[in-house]
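So the chains spell out like this:
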Amino acid sequence: MSEAVLFRNGTVLTMDDQHTVLTGADVLVIGERIAEVGTGLTAPEGATVIDASGGIVMPGMIDTHRHMWQTAMRGYGADWTLTQYFVWYYLESGKLFRPEDVHAGNLLAAIEAIDAGVTTTVDWSHGLQTPQHADAAVDALQAVPGRFVLAYGNIQQGPWEWATSTEFRDFVNRRMSGGDDMLGFQMAFDVTGDPSFPEKAAFEVARELGVPVTTHAGVWGATNDDGIRLMHENGFMTPQTVYVHAATLTHDSYHRIAATGGSVSVSTESEQSAGQGYPPTWTLRDHGIPVSLSMDTSVWWSGDLFSAMRTTLGADRSREHMAAHGRAETVTHVHLRAEQVVDWATRGGSKALGLDSVVGSLEPGKKADVVLLKNDHSPVMTPILHPYGHVAFQAQRGDVDTVVINGRIVKRDGRLVGVDLAAARTAVERTIEHLRSTMGEEAWLKGMNPDIPETKVMDNPYTYTEWDAGSAQWKH
């Protein structure tokens, strides 16, 4: 670790208010903060100088919604729908996770995040069945040199139960009252639309504590416009509220979100695959609602924001083309640009989390969360003609050469620094062994391999079975 780090001669995406792009430029980090951004900067004595030529220097990416504890089951639910996810985690096997299993998932997810250039991650931690589970989650986050936000939740109880308990208040007092920007805090729960609005008690606790709420909104079959209406009528929609997915709402709900200043965390891979609804970036733009990006859970999808940017552009543009085709028109200029999704993956996240004065852009005085994309061993990083397009469509986690978080080098030359990946792997292996042995092999395999629906092939009138030489034609 050095007191000063200088990124030299790179293409710099500052992501400042003007989206300034500098070529052949430098970024100087001194201590925890960015000191200068410009060309020909002088390296202080003893500084670590990193050659950024042929690479892109950008702010660390920010994931505003990731169920980190589920990373211990990476890829297990690849063929799930949202229904199967709910059944497995909410109703059946989610309760089998011990505190050490939450720790294992969080530890691996935290390491994965910084390796992929995601310097701030919201741990949407809805597996905290006990205070011991919550302590384990925080212990894991603090064991990794990244910036994290614990979003406390418990799918085994109603939020009106766990949020009002003395155990929850004790946990907040013990672990979340330090005011450290390396570990933030949210409350994470959903609003079902029950007319009695039982979630009101949890919102009141959040208000008393001054804690933002993050909630899965507009999820097909689970949360709907009634939940938004109840939140609004009771005065619980604030600029700090983060609405996750928000994919199946009416214009009335989007208007309420826009009017109260909230933001939406879009998880495009999730929405496309699991069934929450079509990724809503097109309508969020129409309503002027701020957007951030997230990956949801590695039980299905990748844990990097390159995938999030790529799929978000694809989904938005696909819908724009299809809508035009339905009107017998052709799109000649797409509305959503690569520059916008790179903004959502960085600055959008910092604004959603109330951290925009701290991180999200490369500006003097901000905390030094910096990522260098460079890979001299790959043809993919040459040439860099459209920097935003390169980040969104060309780069991937293997191109993350260097990561600095809070002024500390945590990845250099494509390798993690000061991280015990072997210990994380061992912990996850123990979790998998526990789950398989507790569930039994048959249940374990069945959960991973849901039934395949029957497929009927349409009758084809152009299918022939026999050639009739006499008539010189095919017979049906």
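The notes below deal with the structure included here. Note that this is a predicted model, so its numbers are computed, not measured.

It is worth spelling out the overall build of the protein at this point. Of the regular secondary structure elements, the protein holds 15 helices and 19 strands. On C-alpha atoms alone, the protein measures out to a radius of gyration of 24 Å, which is about the 23 Å that the 2.2 N^0.38 rule sets for 476 residues. Dimensions of the protein, computed from the C-alpha atoms along their principal axes, are close to 90 × 60 × 50 Å. Residues counted as buried form 55% of the 476 residues belonging to the protein. Restricting to contacts in the protein with at least 6 residues of sequence separation, those with at least 24 account for 74%. Of the roughly 20,300 Å² that the protein leaves accessible, carbon and sulfur atoms contribute 51%.

Grouped together as the largest cluster of nonpolar side chains are 108 residues, with contacts concentrated most on M73, Y89, L150, M309 and L373. Those residues in contact with M309, other than ones at most four positions away along the chain, are M61, L293, V341, V342, A345, V391 and A392. Counting residues in each nonpolar core, the second largest holds 16 residues, with V12, V29, V370 and V404 among its members.

By secondary structure assignment, the location of S270 is in helix α9 (residues 268-274). Judged by relative accessible area, which is 1%, S270 ranks as buried. Leave out the neighbours within four places in its chain, and S270 touches H245, G275, Q276, D296 and W301.

Across the sheet, which stays open at both edges, the 8 strands sit in the order β6-β7-β8-β9-β10-β11-β12-β13 with parallel pairing between neighbours. The open sheet terminates on both sides in strands that have one partner only, identified here as β6 (61-66) and β13 (291-293). On average, adjacent strands in this sheet sit at an angle of 25 degrees to one another, irrespective of strand direction. With 4 bridges joining them, strand β10 (residues 213-217) and strand β11 (residues 242-245) adopt parallel strand pairing. When the bridges of β11 are listed, T215 appears paired with Y243. Helix-sheet contacts for helix α11 (residues 305-326) involve β6, β7 (118-125) and β13, and the interaxial angle to β6 is about 85 degrees.

Rules behind the numbers
Residues numbered from 1 in each chain as written. Predicted model: local features only at pLDDT ≥ 70, side-chain atom pairs only at ≥ 80, totals over all residues. Heavy atoms only, no water. Helix = DSSP H or I, 4+ residues; strand = E, 2+ residues; numbered from the N terminus. Rg over C-alpha atoms; globule rule 2.2 N^0.38 Å. Buried < 20%, exposed > 50% of the residue type's maximum accessible area, 1.4 Å probe, protein only. Contact = heavy atoms within 4.5 Å. Areas by Shrake-Rupley, 256 points an atom, 1.4 Å probe, with all protein chains shown as cover. Core = buried A, V, L, I, M, F, W, Y, C linked by side-chain atoms within 4.5 Å. Pairing = 2+ DSSP bridges. Axes fitted to C-alpha atoms, helices over the stretch in contact; angles between N-to-C directions.

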